[in-house]
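Take a look at the letters that make up each chain.
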Amino acid sequence: MKRLLLSALLLTGCASHGVDRADQHQIIKEFYATIASVTPVTLSSEVKTGIITGAGIGLLGELDGNHEDMIAGTIAGALVFGLFTALFEGSNDAFQYHLNSAIQGEFDVIQKKKIPESVSCVKVRSGKTVTLMTASPENCSNLFK
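Throughout, a residue's number is its position along its own chain's written sequence, starting from 1. In keeping with the model being predicted, local features are shown solely for residues with a pLDDT of at least 70 and side-chain atom pairs are shown and tallied solely at 80 or more, while totals for entire chains, interfaces and linings include all residues. Computation of side-chain values covers all heavy atoms of the structure but excludes hydrogens and water.

**Student:** Just checking my understanding: could you explain the packing of aromatic side chains for this structure?
**Tutor:** Two aromatic rings, taken as a pair, are described by how far apart their centres are and by the angle between their planes. Pairing of aromatic side chains here covers Phe, Tyr and the six-membered ring of Trp, requires ring centres within 6.5 Å, and sorts the geometry by plane angle: under 30 degrees stacked, over 60 edge-to-face, intermediate tilted. All told, the structure shown has 2 aromatic pairs when counted by the stated rule. Both rings, one in F31 and one in F107, keep their centres 5.9 Å apart while their planes meet at 70°; by these two values the pair is edge-to-face. One end of the pair, F31, is in strand β1 (residues 29–42); the other, F107, is in strand β3 (residues 105–111), with 76 residues separating them in the sequence. For the exposure calls, accessible area comes from a 1.4 Å probe over protein chains only, and a residue counts as buried if that area is under 20% of its type's maximum, exposed if over 50%, partly exposed in between. On the basis of relative accessibility, which here comes to 6%, the residue F31 falls in the buried class. Under the DSSP-based scheme used, a helix requires at least four consecutive residues in state H or I and a strand at least two consecutive residues in state E, with every element numbered from the N terminus.

Have a look at this one:
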């Protein structure tokens, strides 16, 4: 188990920082938009599904044992799968940005990253995923003229 974790860490350290693979065969658009409003939102979670799945797998793994083994397998599976799901998901806190753009009109983007309240103009990078980056107000001043 320790070798597997060490190998995973070493491979992660060798990862390239080039163009995101998700951007392959995608049209990438970049444009500027003004922030009309920001609303904190809570993202849905799959932790309960992870717990139930883990409990089922733990139980199935111990079906040939006695009742105590089955209970222990169920509990261990639920804990492990629930924990890994929670770690993978991270925080459930996010922000819904209502944006206005001369190109796209009005639209919403939900992301975990909080943009400072003083920022009114963002650069929107849209491909397979959408990313908002702070931009200078001059980039948005001519959008609606």
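**Student:** Where do I start with the pattern of salt bridges in this structure?
**Tutor:** Close approach of charged atoms allows side chains with opposite charge to pair. By definition, a salt bridge exists where a carboxyl oxygen of Asp or Glu is found within 4 Å of a side-chain nitrogen of Lys or Arg. Considering all chains together, one arrives at 2 salt bridges under this definition. For R125, the salt bridge is made with E30, and the minimal N-O distance between the two is 3.2 Å. Within this pair, whereas R125 is found in strand β4 (residues 121–126), its partner E30 is found in strand β1, the two being separated by 95 residues in sequence. Three or more residues joined by partner-sharing salt bridges are found here, namely E30, K123 and R125.

**Student:** Teacher, can you tell me more about the sheet that holds β4 here?
**Tutor:** Any two strands between which DSSP finds at least two bridges are classified as paired. Ordered by their spatial adjacency, 5 strands build an open sheet running β3-β2-β1-β4-β5, and the pairing between neighbours is antiparallel. Of all the strands in the sheet, just β3 and β5 (130–134) have a single pairing partner and so form its edges. Across the sheet, the axes of successive neighbouring strands diverge by a mean angle of 40°, strand direction being ignored. Alignment of β1 against β4, held across 6 bridges, turns out to be antiparallel. The residue of β4 that forms the bridge with F31 is V124. What counts as an axis is a line fitted to C-alpha atoms, over the stretch in contact for a helix, and the angles between N-to-C directions run from 0 to 180 degrees.

Purely geometric stuff here, so don't read any function into it on its own.
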